[in-house]
Structures are given as C-alpha cells and as structure tokens.
Amino acid sequence: MAYTVVGKSVNKVDAIAKVTGKAKYTDDFHERDMLVGKILHSPHAHAIIKSIDVSLARALPGVEAVLTYKDLPRINYATSLPGYVDDGTETECEAECESDRIKFSTAGHPYSLDPGHRDVEDRHILTKKARFVGDDIAAVVATDELIAEKALQLIKVEYEVLEALTSTDAALKEGAPLIHEEHEGNILASGGFAIGDVEEAFKESDYVFEGEYETSIVQHCHMENQTSYAYIDSDGRIVIVTSTQIPQIVRRVVAQSLGLPWGRVRVIKPFVGGGFGNKQDVCIEPLNAAMTIAVGGRPVKIELSREESMVDTRTRHAFKFKIKTGINQDGKLIGIHISAVSNTGAYASHGHSIAGSAGGKFRYLYPTKALKYDPITVYTNLPVAGAMRGYGCPQIFYAFESHLEDIAKRLNMDPIEIRRKNLVEVGYVDPVSKNKITSCGIRECIDKGKALIKWDEKKASYKEQRGNKLRGLGMACFSYASGTYPVALELAGARIVLNQDGSVQLQIGATDTGQGSDTVFGQMVAEVLGLPMEMVHVISTQDTDISPFDTGCYASRQTYVSGMAVEKAALEVKGKILEFAARMTDIPVDKLELVEQRIIYKHSGESVLTLEQVAMQSYYDRVHAKPITSDSSNNARINAIPFGVTFTEVEVDIKTGKIEVLEIYNVHDSGTIVNPLMAEGQVHGGVSMGIGYALSEQLTFDAVTGKAQNNNLLDYKLPTIMDTPDIGVAFVETYEPTGPFGVKSLGEPPTITPAPAIRNAVLDATGVAFNRLPMNPQRVFEGFKKVGLI
Amino acid sequence: MFKRIAFSVNGKAFNIEVDIRESLLELLRNHLGYTGAKKGCGVGECGACSVLIDGVPTDSCIYLAVWADGKEITTIEGVASKSGELSAVQKAYVEEGAVQCGFCTPGLVLTTTALAESGKEFTREELKRELSGHLCRCTGYQSILKAAEKSLEGHICTCVDSPHYKGK
Ligand code: FES
Ligand code: FES
C-alpha cells in the first residue's frame, strides 16, 4: 500500500532535543530543598530481622526520617494523608501484626477485575525478612547524599541468618527452607498447556530426541538507572516523577502499596533513558511515596546507583529446559514436550507470566499435532527477575532452536530444510488462544537471510576446514506477538487537538523510552491528516492526570495496539474537519477530501478551502465555533504474530575459546515498516543485546552467600562498540490486515534469536554443542577440553 | 570544605566556591544546571557524563570539580551555535538515526566533536577504539559509528578497512 509519511525514515521527533542536551530526564528536574532518599539493603540472602535499631540514625543531624517495615502502613490505614508525620516514636509491632501489613505486586501488568488473574502479591515496601542480598530493609531521608549514606551505616540490624537457596535445584530440594511461607516447595506457580497427546505422538514418530538447555541471569543495563522523585502537592496528592515504561500502572501500584485511593497519586514520565522491561516494574516508587509522606510531603528523590540498579531492580529469568521431540524420517515434527524451570528470584514480580509467555509465543512457529509445555517458576534467594526484552522468548527459542539444530545434525538434514518443513502458514489458528495468523513472511525471511549470508557458498567452502580457527554458519527462527491479547487487557488512548494554523497536538498514553514510538505515532497522524511531520506536535511526556489512558510500553505492543488508537483519533479529526468544511461550503461531505492541508473536491481535485481556514472558523466562528479534537480509546481484542530469523557466521578460536561473530543478519517480518531507519535501529540494539546474551553477559553470584559478583559495568560484560560486529538488517514487509497501516510488532523480537543462531554456528564450525549460555571463552575452552579438541 | 575556582563552561566564565568533595559532574548538573551531562554509573565505566575539558573528552563523574580550576569546559549545551543551529556532528547523529533513548548521546556527540576537531585521520577500527569508552544499550553502536564517520568525512582514512575505501 502506498503511503506518504508512513514508511519514510523521517527524523526522530525528539532527536534534536537529545543531541542538544535539552531533553529532560527524571534526574534533570530540580526541586528546591529536595531531600535524598537512600535504602539499606540486606547483606544476607536469606535472613529474618531479629531487631532493628534506628535511633542513632534518626539522631544524626540532617536526617529527616528513617523508615523500616514498622513504619509502613497497615491495611486500610491511610485515608488521612498527609497526616503521617514521623515523630520518631516507634510503633510497637511484633511478628503477629506482620500479617496486616499491605502486600502488593510490582509487576507492570494491567489490573484485572478477576482476582484469580492478578499478579502474586508477595512483598512489602520494606521487609522484615530478607530474601536476597539487596532486599530493602530500611530507608533514610536526609538533606544530602552523604548524610543519608552515613545514616544507613548507623542503623543496627540483628539478623537470624537462614540457609541461602541460590539455585532452583537448592530451592526445590526436599526440606529446603521456605522463602515465602505461602509457597510450598518454593514453587511460585506451575502449569502451561497441552495440545494433543504428546505420548501418543512419540509412539507414532520415527525418532524421538531429547536435550537439555540452560540460560543465565542477565540484566537490562539501560543507561539511565532507575530513578524517581516524589512530593505531596498542595491538594494532598502524591506526585511522582519517574523513569518508567508504565505510568498508569505505577500510579495504581503506589496507591495499592500504601492503601490510598488511586486518584490520590499522580505519575509523570519525562524522557526515559532506556528500560528494556526493567522499568515495566514498580521498583522504587512505592518507597519514594512513603518517604515523602514521612517528611510531610517535601520532595524526596531516590536515585539508584548502577550497582543497586543491577541487583535491586529486576533481572532476566534464567531457565532450564528439558525437551523431548518426536520427528519423522522426512523431518516433520510430530510431538514436542518442553519442561522448564524458571528462576524468579526472591519475589514474584512478573512471576510465572514469563514462563507462560515463552510457551505461548513459541506455539505459533512450528504447529505440531502434539505440544506439551509444563513450566514451573521457582523462588530462590537471588535478585528478582522480571520483564526483559523478549519476555521468556530469548530463553525458549535458544533452547528449541538449539534442539532442532541437534536433531537436524543427527538426521543429517539441512537445518534450513528441517525448519521449512514445519513452519506455520497463513490461516493457522492457534488452538489455545484461538488467534489466527493473518500474515506470515517467515519463509521469505529465511530466503533473504540465506542469500545475504551466502549460505550455500560458504557451507560448501567450509567443509574441509583444519587448524585452530574454524568457521561455521548458523541460523534460528522465532515467532512473537504484538501485545498481550488474549492474556491481558490491551487498552490504548490517543487525543488530538487541531490548532488554529492547521497543525495538531498528539497526546498518547503510550510511552517512548527511546525506541521511537512518539515518532511512529506522529507519522501515523501525518499520514491520515495529510500533514507534514513538522505540523504534528507529539507530546512526549506522559502524566496520569493529563494523558489518555494506556497501559504502557511493553510486549512490543505500542505501534500495533496504541497505533490503532492513534489511527482512530486521526480519522475522527479528519472526519470532523471535513464535516466542518461541508457546513462552511454547503458541499456534501462525501464530495470532499483533505489533501496537503487543503479541502478539495474529490472528483476534480479542485481546492475548496485551506485547512487553516477551517481551523480558524472552528475556533472563532461566532455561531458555529467548536474546536476540532478527538479523544479515542481502543480496546484491541486481537493479536498479530511477527516472525523472523537470524543468520550468522562465526569464527571460533579453538585455542582460546573465543567466538567471533563475523557476520550477522536479522530478517524480520513485522508487517509494514513505519520508519525504516528507526526500525533498523531497533534491530541493531536487539541483536547487540542478543550477542551479549550469547557470548558474554551473565550476572554471577557467590553460590554460598548469594552475593552478586559483577553488578557493575566494568565486570558485567556489556558489549562495547569494539565487541559489536556489523549488524545486517532486512525486512520482509507483509501487510498485516489487523494492524494500523499493516503493522506488526518489532521492539523485542530482534533480541530473541542471535544466541541460538550463534550457538548453531559454533556447532557447525566445531561439532561441539554448547547448551548453556553464555558461551564465554572460559566455558567454550572447557567445552573443547572435555571433548578433546584441546 | 570549599575552594574557590575559576573556569568557563561553553565560553561563560565562572568564579565560584565549590565543595572539594564534589565531582565536576555534580557541579555541572546540580549547581550550574548543565543537565545535559548524564550519570550512568558515577564511577567512570559508561561515558554518559563526558564533557570536553580543554577539548579533551573526560568522564566528569571521576574528575573533581576543583581540578576544573583554569579549564575551559564544553558540555553538550555548548555544541550547537548560539542561534540554535546544530553542529555537523549533531546533524549526523540526528540524520543517521544514532539517537534512541538519548542517554548516551551527549557524551558520544562530545567525543565525536573532539575527534572531528582534532583534524586527525582515523581508520574504522581506530574510530571504534576512540568511541569505546561510551556504552550504549539501545543502538548496537551501528548508527553511532555511521554518524561518527559522517562527522569525520573529509578527514576519514580511506584505507582498505574503511567503508570510505575508494578502491572498492
Ligand atoms: S557516569 Fe561517568 S562514566 Fe558513567
Ligand atoms: S541511545 Fe540509549 S543508551 Fe545509547
């Protein structure tokens, strides 16, 4: 379909603000006499607080408040805001009154009216029981950072240290201590789905293969750490300015965590320095709100350090998979059974949803007669895992695409052929979600990727390699989703105001955290209204008091789901413009069209009015004035499945275990590409994150104490520009009939398949299968030693 | 303890008392309002806080404010012209799509500016090395490298490993 602005690489609407230093992020706002909030984190992975003495800290000059679990609200406490003033006296609270303290969930999911569908509420703002090294025990508000730090050191805590369960194996052992009393066996949740009878399918299959695969705990490493500040406004409402992907959810969770009416909280999101899922969680805002309440509403900021951000916010779940697959001689998959153990760390956060999403999104790629998925999500005494780009998919696709490669090798089949034999086609209806595939370009993606990397040529020339440096090729496919339907609500809002000069303001509830959604929405409005981009003013700040309701930036949902709301709002404004013009001219509305800021006769193209004339009349006509606006909301009860593939060529240094990615191409079917340059940028970032996942990134912990060993950017091996190869990007532009302008999602997908593709390329080069991430030189070296290559 | 220092930021002269414990980043952001310099780690790992000190890219988070005595400092706010026209480097970053969340951008634009102003020639690998003190989680560095190359056009090395190699 031919568009004028959609499909063009227009400059990012906020790029100039960002290259000039004018873009304001949370920490760039200064309130006079802003106080500093600091958190005392547990030094133990698993411990009960026997006693906590804050008297010395409270006595330190410059300390305005000290909070522990004792100071936090009980259920139904707080209808008297800002009545809570910390007068220094401690409420007498023994263990028995612990149960009436508010427990809440931090997960960035929309609220559900169905109590059975809500997130697990398993945490307090400050805890009496430490569940990981870094758990929030107490907090200080002081006039400056140094005093706050000093006060933290003056808090005396006596712990009863319990056994630290630093792996899922330890947590699942018979008789292991319980991390949460309510969760037997330390199992947060279990359960997946079953299609057909997998045991029967194995009996029917010519071959049955099994494999085990394991992924590691990694961290988002968004460049802007989690940060926020909060104060109480003159009308008694708590205002929180925060670096978040989900302002509406932050509002609700803060209110829930403090027992406040939701309308008493206002959340403002300025520019955000990256999130990648980490900020799809409500980590610091409830405590920040409690801090400002404790100091009578004065502004308090919490700025996490990098070291805190890496362990005290969220990480990506490590998974262990066992896969059993039945397949026929001809390569047709008959039955698949995937078991998974997901490590959620100390609290549920997104909990079992990640494991659920992994299976749910995998289900589309290779439909088989029988597919059984049974994951369990396990608590451990490690940092809390939450949402991270891909939401379970980097894990499951690493496992399955590795497994399928192993099968291809055993059957002596071409890895591309085995996939082609099993890939989904348009029209397929997923038996669980009832979602139908309405566009699918995965086969074309494979063709394109194969040509780009010169698969056949290189395969042939690498047949007889010798020496210490071996080259190999690998690939891996994925399917994903555009939003969360039918699992959760997919509501988005957009509002447009036509200005006197014919330009418009666009307000959306969707949040741009760097990926470029503001620009894409601007392009959609420009397209519908026939405006140049400079006449579409996108309001980039979200404010829960002002912005339309949208659940936020996650699940690669915004271009697709929020895009629907934006398109709807733009069409409504266009309709109103034409109606207004019809009334002004007495020409029937169906004879008119809006083109290049002019109202024209449809049949002849002859100009009737300028858009500006209509806009002026809409404001100032003494009889008919009524400014042209729209305020639309869209409840998307649909989902579109994007697809794609990674192709890569690696060179493996057998002597050192170093893997070098020589070439890597990601080819995506994301429907219509609204902005090619920005879309490429999304893919670059995702692939680079995927390469880190494959080769270097891993948060490591002391097995006994559970303490993180590398929670900083020096020891955690985030790819630098020197580590990142040239990343090739291509698109297969299908037209997705359910999406606005034919779009499907793109945000998360690029990061899913680099790791399995690299793993498969290493297998191709060396014959050694690495079934555990990351494939860092040490692990690869040990792997080669084990099989006698060195 | 405080100490009086004299320095300039983007050509504007300052003569003020600074807390001797404070970093240049804290001075710039918290006291002078130059919030374009970002804090990504505070300990010299990420490059988000880079400013030019007498033209040299420096992590301002690990540079004491008192050391700025007598120095000329350039922050991101001082790169565009006074009338708001973007520099060639800024334009390249905008046009090449090198900006996503933008948190790493000020530091990278400043380092690229210093490279452009050095008048030196760089191979692609040398350029990467020069930029490697800046971490970026959004872009995979692809468009950043392109923007840097575009900024340096004219004095970029045209040797074989360069995309500007003319013999291709
Ligand atoms: S903030 Fe200075 S190097 Fe990271
Ligand atoms: S653009 Fe986000 S960190 Fe570089």
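Sequence order as written defines the numbering, with residues in each chain counted from 1. Each chain gets a letter, beginning with A, and each ligand a number, beginning with 1, in the order they are written. Totals for whole chains, interfaces and linings use every residue, but because this is a predicted model, local features are given only for residues with pLDDT of at least 70 and side-chain atom pairs only at 80 or more, for both listing and counting. Excluded from the side-chain calculation are hydrogens and water; included are all heavy atoms of the structure.

Caption draft 1: Spotlight on the overall build of chain B. Only runs of H or I of at least four residues qualify as helices and only runs of E of at least two qualify as strands under DSSP, and these elements are numbered from the N terminus. Per the secondary structure count, chain B includes five helices and five strands. Of the regular secondary structure in chain B, the N- to C-terminal order runs β-β-α-β-β-β-α-α-α-α. Taking 15 Å as the expected radius of gyration for a compact globule of 168 residues, we find that chain B reaches 17 Å, a close match to that expectation. Overall, the C-alpha framework of chain B stretches about 60 × 30 × 25 Å when taken along its three principal axes. Partly exposed residues are those whose accessible area sits between 20% and 50% of the maximum for their type, while under 20% is buried and over 50% is exposed, using a 1.4 Å probe and protein chains only. For chain B, the residues scored as buried account for 58% of the 168 residues in total. Whether two residues touch is decided by their heavy atoms; if any such pair falls within 4.5 Å, the residues are in contact. Counting contacts in chain B only where the partners sit at least 6 residues apart, residues at least 24 apart contribute 53% of the total. Where accessible areas are quoted, they stem from the Shrake-Rupley method and a 1.4 Å probe; at the residue level, only the protein chains shown are allowed to cover. By element, 51% of the accessible surface of chain B is carried by carbon and sulfur atoms, the whole surface being about 7000 Å². Averaging the positions of the 19 positive and the 21 negative side-chain charges in chain B gives two centres separated by 3 Å. Taken over C-alpha atoms, the radius of gyration is set against a globule rule of 2.2 Å times the number of residues to the power 0.38. In summary, the charge assignment counts Lys and Arg as positive and Asp and Glu as negative, without counting His or the chain termini. Note that the charge is assigned to NZ on lysines, CZ on arginines, CG on aspartates and CD on glutamates.

Caption draft 2: Quick look at the domain arrangement of chain B. Residue and element names in this part refer to chain B. Boundaries of every domain are those given by an automatic assignment or by a domain database. Once the domains are mapped, chain B shows domain 1 (2–78) and domain 2 (88–151). Between the C-alpha centres of domain 1 and domain 2 the distance comes to 21 Å. Across the boundary between the two partners, domain 1 contributes 16 residues, which contact 11 residues of domain 2. Both faces combined, the contact of domain 1 with domain 2 buries some 1000 Å², and carbon together with sulfur accounts for 69% of it. Only one rule defines a salt bridge in this text: a Lys or Arg side-chain nitrogen within 4 Å of an Asp or Glu carboxyl oxygen. Remark: the boundary between domain 1 and domain 2 carries zero salt bridges. In protein, a polar contact requires one atom able to donate a hydrogen and another able to accept it; more generally it is a pair of N or O atoms within 3.5 Å, and residues adjacent in sequence count only if both atoms are side-chain atoms. Linking domain 1 with domain 2 are two residue pairs in polar contact (both at pLDDT 80 or more), by the criterion used here. Take the side of domain 1 that touches domain 2: its biggest share by element is three residues, from strand E3 (residues 50–53). Classification convention: Asp, Glu, Lys, Arg as charged; Ala, Val, Leu, Ile, Met, Phe, Trp, Tyr, Cys, Pro as nonpolar; all other residues, Gly among them, as polar. Considered class by class, the residues forming the side of domain 1 that touches domain 2 number six nonpolar, seven polar and three charged. Two parts lose some accessible area (1.4 Å probe) when they are put together, and adding that loss for both gives the buried area.

Caption draft 3: Layout of the side chain of Gln 90 of chain B. If you trace the backbone, Gln 90 of chain B turns up in helix H2 (residues 88–95). For Gln 90 of chain B, the side chain forms a polar contact with the main-chain oxygen of Val 19 of chain A, separated by 2.8 Å. A polar atom in the side chain of Gln 90 of chain B sits 2.9 Å from the backbone nitrogen of Ser 87 of chain B. Those residues in contact with Gln 90 of chain B that lie beyond four places of it in its chain are Val 19 and Thr 20 of chain A together with Ile 76, Val 79, Ala 80 and Val 109 of chain B.

Caption draft 4: Up close: the environment of Val 504 of chain A. On the secondary structure map, Val 504 of chain A appears in strand E21 (residues 504–508). Setting aside chain neighbours within four positions, we find Val 504 of chain A in contact with Ile 496, Val 497, Leu 498, Asn 499, Val 525, Leu 529, Leu 531, Met 535, Val 536 and His 537 of chain A.

Caption draft 5: Broad picture of the pairing of strand E4 (residues 56–59) of chain B. Residue and element names in this part refer to chain B. As judged from the four bridges shared by E3 and E4, these two strands associate in the antiparallel manner. Looking across to E4, one finds that Val 51 is bridged to Thr 58. As consecutive antiparallel partners, E3 and E4 are separated by two residues, and within that stretch Asp 54 has a phi angle of approximately 45°, a positive value. Between any two strands, pairing holds if DSSP finds at least two bridges.

Caption draft 6: Seen up close, the environment of Phe 521 of chain A. Residue and element names in this part refer to chain A. Within the secondary structure, Phe 521 is located in helix H14 (residues 517–529). Residues Phe 521 and Gln 558 lie 37 residues apart in sequence; the distance between their C-alpha atoms is 9.2 Å. Dropping the residues within four chain positions of it, Phe 521 is found in contact with Leu 506, Ile 508, Ala 510, Gln 558, Thr 559, Ser 562, Gly 563 and Val 566.

Caption draft 7: Structural context of the sheet that holds strand E27 (residues 629–635) of chain A. Residue and element names in this part refer to chain A. In spatial order, the strands read E22-E21-E20-E27; together these four strands make up an open sheet with mixed pairing. Here the strands that pair on one side only, and so sit at the sheet edges, are strand E22 (536–539) and E27. Here the average twist between neighbouring strands, direction ignored, is 20°. Pairing of strand E20 (residues 491–498) with E21 involves five bridges; the strand directions are antiparallel. What sits directly across from Arg 495, in E21, is Gln 507. Angles shown run from 0 to 180 degrees and are taken between the N-to-C directions of axes, each axis being a line fitted to C-alpha atoms and, for helices, limited to the stretch in contact. Of the strands in this sheet, E20, E21 and E27 are in contact with helix H15 (residues 558–585), which crosses E27 at around 145°.

Caption draft 8: Region of the structure containing the interface of chain A and chain B. Facing 53 residues of chain A, the contacting portion of chain B comprises 45 residues. At the boundary of chain A with chain B, total buried surface from both sides reaches about 4000 Å², with 57% on carbon and sulfur atoms. When the buried surface of chain A facing chain B is broken down by residue, Val 19, Met 223 and Ile 721 of chain A rank first, second and third, together holding 20% of it. At the boundary of chain A with chain B, the tally comes to five salt bridges.

Caption draft 9: Main features of the nonpolar core. In this structure, Ile 758 of chain A together with Tyr 93 of chain B are the most contacted members of the largest nonpolar core, which totals 146 residues. The dominant element in this core, judged by the number of residues it contributes, is helix H10 (residues 393–410) of chain A, at nine residues. In these notes, a set of buried Ala, Val, Leu, Ile, Met, Phe, Trp, Tyr and Cys residues joined through side-chain atoms within 4.5 Å is what counts as a nonpolar core. Within the second largest apolar cluster, 61 residues are counted, among which are Ala 138, Ala 255, Leu 260 and Cys 283 of chain A.

Caption draft 10: Seen up close, a nonpolar patch on the surface. In this scheme, patches are assembled from residues that exceed 30% relative accessible area and form no salt bridge. Like charges are connected within 9 Å, while nonpolar side chains (Val, Leu, Ile, Met, Phe, Trp, Tyr) are connected within 5 Å. On the surface, Phe 781, Val 787, Leu 789 and Ile 790 of chain A cluster together to form a nonpolar patch covering roughly 310 Å² of accessible area. Residue placement: Leu 789 of chain A occurs in the segment after helix H19 (777–786).

Caption draft 11: Molecular detail of the sheet that holds strand E5 (residues 136–142) of chain A. Residues and elements named next belong to chain A. Reading across from one edge, E3-E5-E1-E13-E10-E11-E12-E23 is the order of the eight strands in this open sheet, with mixed pairing throughout. The strands lining the two open edges of the sheet, one partner per strand, are strand E3 (63–68) and strand E23 (542–543). Sheet strands touched by helix H6 (residues 247–258): strand E11 (238–242), strand E12 (265–269) and E23. Its angle to E12, the strand with the most contacts, is close to 150°.

Caption draft 12: View of H6 of chain A. Residues and elements named next belong to chain A. Residue count minus one, scaled by 1.5 Å, sets the expected span of a helix. In this model, H6 (12 residues) spans 17 Å end to end at C-alpha, consistent with the 16 Å of a helix rising 1.5 Å per residue. With respect to burial, H6 is a largely interior element, 12 of its 12 residues being buried. Of all the positions in H6, only Pro 247, Gln 248, Ile 249, Val 250, Arg 251, Arg 252, Val 253, Val 254, Ala 255, Gln 256, Ser 257 and Leu 258 are classed as buried. Buried-residue contacts for H6 involve E11, E12, helix H7 (285–294) and E23. Positive backbone phi, at 65°, marks Gly 259, one or two positions downstream of H6.

Caption draft 13: Here's a closer look at the pattern of salt bridges. Scanning all chains against the criterion turns up 53 salt bridges over all chains. Residue Lys 450 of chain A pairs with Asp 456 of chain A through a salt bridge whose shortest N-O separation is 3.6 Å. Linking Glu 17 of chain B and Arg 4 of chain B is a salt bridge whose minimum nitrogen-to-oxygen distance equals 3.7 Å. One end of the pair, Glu 17 of chain B, is in strand E2 (residues 12–19); the other, Arg 4 of chain B, is in strand E1 (residues 2–9), with 13 residues separating them in the sequence. In this structure Glu 17 of chain B comes out as partly exposed when scored by relative accessible area, which is 45%.

Caption draft 14: Layout of the state of the cysteines. Residues and elements named next belong to chain A. When two cysteine sulfur atoms are found within 2.5 Å, that pair is recorded as a disulfide. Under the defined criterion, the tally for this structure stands at zero disulfides over all chains. Of all cysteine sulfurs in the structure, the one in Cys 221 sits closest to Cys 283, which takes part in no disulfide; the separation is 14 Å. Lacking any disulfide linkage, Cys 445 is separated from the closest cysteine sulfur, that of Cys 440, by 8.2 Å. Overall, Cys 445 belongs to the buried group, its relative accessible area being 0%.

Caption draft 15: A look at the domain arrangement of chain A. Residue and element names in this part refer to chain A. What the domain assignment reports for chain A is domain 1 (15–23 + 491–635), domain 2 (26–161) and domain 3 (318–484 + 639–786). For domain 2 versus domain 3, the distance between C-alpha centres works out to 40 Å. Opposite the 17 residues of domain 2 that make contact, domain 3 presents 16 residues. Buried area between domain 2 and domain 3, both sides added, is near 1200 Å², and the carbon and sulfur share of it is 54%. Among the residues of domain 2 in contact with domain 3, Asp 122, Arg 131 and Phe 132 are the three that bury the most area, contributing 37% of the side total. Where domain 2 meets domain 3, there are zero salt bridges. In this structure, the connection of domain 2 to domain 3 is made through 10 residue pairs in polar contact (both at pLDDT 80 or more).

Caption draft 16: Quick look at the packing of aromatic side chains. All names here are of chain A. Planes of paired rings set the category: under 30 degrees apart is stacked, over 60 is edge-to-face and the rest tilted, where pairs are Phe, Tyr or Trp rings (Trp by its six-membered ring) whose centres lie within 6.5 Å. Using the criterion set out here, one finds 16 aromatic pairs over all chains in the structure. Clustering of aromatic rings is evident, with ring pairs tying together Phe 362, Tyr 366, Phe 397 and Phe 400. Stacked on the ring of Phe 29, the Lys or Arg Lys 24 has its end atom at 5.9 Å from the ring centre. In this analysis the charged atom, NZ for Lys or CZ for Arg, is taken to sit over a ring once it is within 6 Å of the ring centre and within 35 degrees of the ring normal. Sitting above the plane of the Tyr 554 ring, Arg 557 keeps its charged end 5.4 Å from the centroid.

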